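Overview (structure and organization)
One-letter residues, chain by chain:
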Amino acid sequence: MGISELIFGFLAVLSLAVGGFIGWFIRKNTAEKLIGSAEEEAKRVIENAQSAAEAKRREMIIAAKEEVMHIRNEVEKESRERRNELQRMERRVIQKEESLDRKMESLERKEENLHRKEEEVEQLKEALAQTVAKEKQELERISGLSTEEAKQILLQSVEEEVRYEAAIMIKDIETKAKEEAEKRAKNIISLAIQRCAADHVAESTVSVVALPSDEMKGRIIGREGRNIRTLETLTGIDLIIDDTPEAVILSGFDPIRREVARVALEKLIADGRIHPARIEEMVEKSQREVEQRIREEGEQATFETGVHGLHPEIIRLLGRLRFRTSYGQNVLKHSIEVSHLAGLMAAELGADVQLAKRAGLLHDLGKAVDHDTEGTHVQIGVT
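Described below are features of the structure shown in this document.

Rules behind the numbers
- Residues numbered from 1 in each chain as written.
- Predicted model: local features only at pLDDT ≥ 70, side-chain atom pairs only at ≥ 80, totals over all residues.
- Heavy atoms only, no water.
- Helix = DSSP H or I, 4+ residues; strand = E, 2+ residues; numbered from the N terminus.
- Buried < 20%, exposed > 50% of the residue type's maximum accessible area, 1.4 Å probe, protein only.
- Contact = heavy atoms within 4.5 Å.
- Areas by Shrake-Rupley, 256 points an atom, 1.4 Å probe, with all protein chains shown as cover.
- Pairing = 2+ DSSP bridges.
- Axes fitted to C-alpha atoms, helices over the stretch in contact; angles between N-to-C directions.
- Expected span 1.5 Å × (residues − 1).
- Patch = residues over 30% accessible without salt bridge, like charges linked within 9 Å, V, L, I, M, F, W, Y side chains within 5 Å.
- Salt bridge = Lys/Arg side-chain N within 4 Å of Asp/Glu carboxyl O.
- Lys, Arg positive; Asp, Glu negative; His and termini not counted.
- Charge placed at Lys NZ, Arg CZ, Asp CG, Glu CD.
- Core = buried A, V, L, I, M, F, W, Y, C linked by side-chain atoms within 4.5 Å.
- Arc of directions from axis to C-beta.

Our next topic: the overall build of the chain. Scanning the chain for helices and strands turns up ten helices and five strands. When the 383 residues of the chain are sorted by exposure, 22% land in the buried category. Here the analysis covers contacts within the chain between residues at least 6 apart in sequence; of these, 62% occur between residues at least 24 apart. Surface accessibility of the chain: about 28,000 Å² in total, with carbon and sulfur atoms responsible for 57%.

What follows covers the sheet that holds strand S3 (residues 247–251). Taken in spatial order, the three strands make up an open sheet running S1-S3-S2, and their pairing is antiparallel. The open sheet is flanked by strand S1 (206–210) and strand S2 (238–240), the only strands paired with a single partner. Ignoring strand direction, the axes of neighbouring strands in this sheet form an average angle of 25°. Two elements, S2 and S3, share three bridges in a ladder whose sense is antiparallel. Looking at S3, one finds that Asp-238 is bridged to Ser-251. Here helix H5 (residues 255–271) sits on the sheet in contact with S1, S2 and S3, set at roughly 10° to S1.

Our focus in this paragraph is helix H6 (residues 276–305). Between the first and last C-alpha of H6 there are 43 Å, a value that for 30 residues agrees with the 44 Å anticipated at 1.5 Å per step. By the burial criterion, the buried members of H6 are Arg-278, Ile-279, Met-282, Val-283, Ser-286, Val-290, Gln-292, Ile-294, Gly-298, Ala-301, Thr-302 and Thr-305. Note on H6: the residue one or two positions beyond its end, Gly-306, has a positive phi of about 75°.

Before going further, it helps to spend a moment on a negative patch on the surface. Together, Glu-97, Glu-98, Asp-101, Glu-105, Glu-108, Glu-111 and Glu-112 line one region of the surface with negative charge. As for its placement among the helices and strands, Asp-101 is situated in helix H1 (residues 3–141). On the basis of relative accessible area, Asp-101 is assigned to the partly exposed category, the value being 45%.

Turning our eyes to something else, we now look at the nonpolar core. Counting residues in hydrophobic clusters, the biggest one holds 25 residues, and the most contacted among them are Ile-220, Leu-239, Val-248, Leu-250, Leu-265, Ile-269 and Val-290. Elements that contribute at least two residues to this core include exactly helix H3 (215–221), helix H4 (226–235), S3, H5 and H6. Not counting the four nearest positions on each side in its chain, Leu-265 is found in contact with Val-209, Ile-220, Leu-231, Leu-239, Val-248 and Leu-250. Within the second largest apolar cluster, 13 residues are counted, among which are Val-307, Leu-317, Leu-332 and Ala-368.

Turning to the pattern of salt bridges, a few remarks are in order. When the charged atoms of two side chains with opposite charge come close together, those side chains can pair. With the rule as written, the count across this model stands at 17 salt bridges. We note a salt bridge from Asp-271 to Arg-278, for which the minimum N-O separation is 3.2 Å. Residue classification places Asp-271 among the partly exposed positions, given a relative accessible area of 28%. The shortest N-O distance in the salt bridge between Glu-291 and Arg-316 comes to 3.5 Å. On the criterion of sequence distance, the pair formed by Glu-291 in helix H6 and Arg-316 in helix H7 (residues 312–320) is long-range, its members being 25 residues apart. By relative accessible area, which is 25% here, Glu-291 ends up partly exposed. Residue classification places Arg-316 among the partly exposed positions, given a relative accessible area of 22%.

Taken together, the side chains of Lys-77, Arg-80, Arg-83, Lys-285 and Arg-288 present a region of like positive charge at the surface. The element best represented in the positive patch is H1, accounting for three residues.

Another aspect to go through is the pairing of S1. The side-chain alternation of S1 yields one buried face, formed by Ser-207 and Val-209, and one unburied face, formed by Val-206, Val-208 and Ala-210. Where S1 and S3 come together, five bridges link them in antiparallel fashion. Counterpart to Val-209 in the pairing with S3 is Val-248.

This part takes up H4. For H4, every residue scored as buried is listed here: Asn-227, Ile-228, Thr-230, Leu-231 and Thr-235. What you see down the axis of H4 is that its buried residues fit within an arc of 160°, all on one side. For H4, the elements touching its buried residues are H3, S2, H5 and H6. Note on H4: the residue one or two positions beyond its end, Gly-236, has a positive phi of about 75°.

Our next topic: a nonpolar patch on the surface. There is a patch of nonpolar side chains on the surface, built from Ile-7, Leu-11, Leu-14, Val-18, Phe-21, Ile-22, Trp-24, Phe-25 and Ile-26 and spanning about 870 Å² of accessible area. With respect to the helices and strands, Ile-7 occurs in helix H1. Of the residues examined, Ile-7 reaches a relative accessible area of 46% and is grouped as partly exposed.

Below, the structure written as structure tokens:
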């Protein structure tokens, strides 16, 4: 083997070593790059996951806050309603206390009158006793007279006393005759009223709502009439928008529906936002307000007349009469007036005052539902 072969072998070994080293170095760099890329990808995934988790956490916090706010609003609303109810109950209690105070004052006055009359009776008794004593003294003084003279004096005294008592008796008879005549006259008048009273069919069927300007009429009608159609459909009342300046006429036979339509339209005009959704909201709110007003009117009527123990449904029907008219008069005010008159008549005739007042208050109750039920208001009220 020559030197050239050794050199060639050495170079071959050296080349293999250098090639292996270079291959190893290249694989190392590639692996490091892959590891670095994987680490960056992992960091990016972790960061994205953290960002998503943070966003989700914020969303959950916001949702929780909104839920807390909603619950708080509901609690506050319920608290306000309870406070309002307590205030109404407090007003009713105060009114009842005032009524009791007035009754107590009346009883105290009657008691004072009784005491005063008792004192007057006692004074009359004392005066009579003194008169009798004087008569006895006078008889003793004249006892020395003859029998005929004593009898004459005694007869004169008895005659004067009998005349006085007869005059008192005649006066009492005249007074009783006048009272009896007055009672019979009142009885005749009450019978005449019952016979002459008749149903009256003419009553108010329209309500007028004032407008701030004629421009509001177009907003009430709405695009292609959608607003006015919505209001008429929800209330069952016809809206008449004509040439009448700054006014809208509500026409319908049901006074409760007409009142709901009037209140809702006034609220919409005051609010200024007139569209179907808002109209529906205002009609529902107006229905609740009118129903509450009906209950309050019925309770006030029973309080004014002193008729208690009525069923809540009857009280509600009484309140509905507030929106009815008959003979040109409000039916509820007419019923209250009839209740008072019936009580006065019953007191004069010696009848049951409370029963008469109750009958007077409820005599037109059928008119509260005669728009919805067949039959006369008398038949409806009886059933």
